[in-house]
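The primary structure of each chain is shown beneath.
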Amino acid sequence: MANARASLIIVTITVFVLLIVMYTVFNYHNYLLLSLGIIGCVMMLFFIRFEMKSIKTREIVILALLIAIAAVARVPFAGLPSVQPTSFVIITVGLVFGAESGFLVGALAAIVSNMFLGQGPWTPWQMFAWGTMGMSAGLLRQFLGMGKLWILNSFGFIWGFIFGWMMNLWIVFSNMHNFTWEFLVGIYVSSFYHDLAHAISNVIFISLFSVSWIRILNRFKKKHGLLEDSTLKPSIAYDHSGK
């Protein structure tokens, strides 16, 4: 468990360093190469888990299915700025299946969904932001899984802003030659309403669907023994009252 978390943290730091180096040294022209590099880091994380614990074929299938669901969930809402059901799926995956699965689903859902919505220099940052979102849900699952819906809603609301702040970094680092503090403040101020929309949509999706969705994932996990972690409760149930 400790080794797995250490590997996850190392991969996350590596990805962040890659993002900064590639965008400051090569600007944003090599975003596809950087995206492939992040995929390589994510796959390395998965292979480390594979070596440390036997992975069943059905575990690979369920992760692939969850990546597809998270990616496709973006498409119907593409016309609504910053309304991201993908974030809801990624948070619940991390909560039920753990930090590694959350990071994997988050990072790959970004590049898969952008096959429909368009790749660009923002893709690697989306991969990192959503991957980190899923990872943090997994690392905090003991706290988030206390059964209080307001705790999970607060987590989703906060991540609506954190995601936006992370995404702003690609604009900042790709314009370092024009960097000023006024430019930095302007970027973050102008993104406030988009970040707020993301935060509110996270709360709405979590409030409406998290109880049934987490129940389904837990049932599937328990029935097939998927990605079990003996240090954690096998299932998480949420109180509709939020008390």
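First, a word on scope: everything that follows refers to the structure included in this document. Everything numeric in this text was worked out from a predicted model, so none of it was measured.

1. Thoughts on the packing of helix α5 (residues 99-117) against helix α6 (residues 123-139)
Think of two packed helices as two axes; the pair is described by the angle between the axes and how far apart they sit.
Step number 1: Following both chains from N to C, one finds α5 and α6 inclined at 155 degrees, their axes separated by 7 Å at the closest point. Relative to α6, the element α5 lies roughly antiparallel. Handedness of the crossing formed by α5 with α6: right-handed. From α5, Ala99, Gly102, Phe103, Gly106, Ala107, Ala110, Ile111 and Asn114 reach across to α6, where they touch Thr123, Gln126, Met127, Trp130, Gly131, Thr132, Gly134, Met135, Gly138 and Leu139.
Step number 2: Residue classes in the contact of α5 with α6 are distributed as nine nonpolar, nine polar and no charged.

2. Some points on the side chain of Ser87
Step number 1: Relative to the helices and strands, Ser87 resides in helix α4 (residues 85-97).
Step number 2: We classify Ser87 as buried; its relative accessible area is 0%.
Step number 3: In contact with Ser87, other than residues within four places in its own chain, are Trp130, Met133, His198 and Asn202.

3. Considerations on the packing of helix α8 (residues 149-173) against helix α9 (residues 181-190)
Step number 1: Contact geometry for α8 and α9: axes closest at 10 Å, N-to-C directions at 140 degrees. Comparing the axis directions of α8 and α9 gives the class oblique. Seen along the crossing, α8 lies across α9 with a hand that is right-handed. Along the contact surface, α8 presents Trp165, Asn168, Leu169, Ile171 and Val172, while α9 presents Phe183, Leu184, Ile187 and Tyr188.
Step number 2: Here the contact of α8 with α9 is composed, by residue class, of eight nonpolar, one polar and no charged.

Calculation rules
Residues numbered from 1 in each chain as written. Predicted model: local features only at pLDDT ≥ 70, side-chain atom pairs only at ≥ 80, totals over all residues. Heavy atoms only, no water. Axes fitted to C-alpha atoms, helices over the stretch in contact; angles between N-to-C directions. Helix = DSSP H or I, 4+ residues; strand = E, 2+ residues; numbered from the N terminus. Parallel < 35°, antiparallel > 145°, perpendicular 65-115°, else oblique. Left-handed = near helix turned anticlockwise from the far one by under 90°. Contact = heavy atoms within 4.5 Å. Nonpolar A, V, L, I, M, F, W, Y, C, P; charged D, E, K, R; others polar. Buried < 20%, exposed > 50% of the residue type's maximum accessible area, 1.4 Å probe, protein only.

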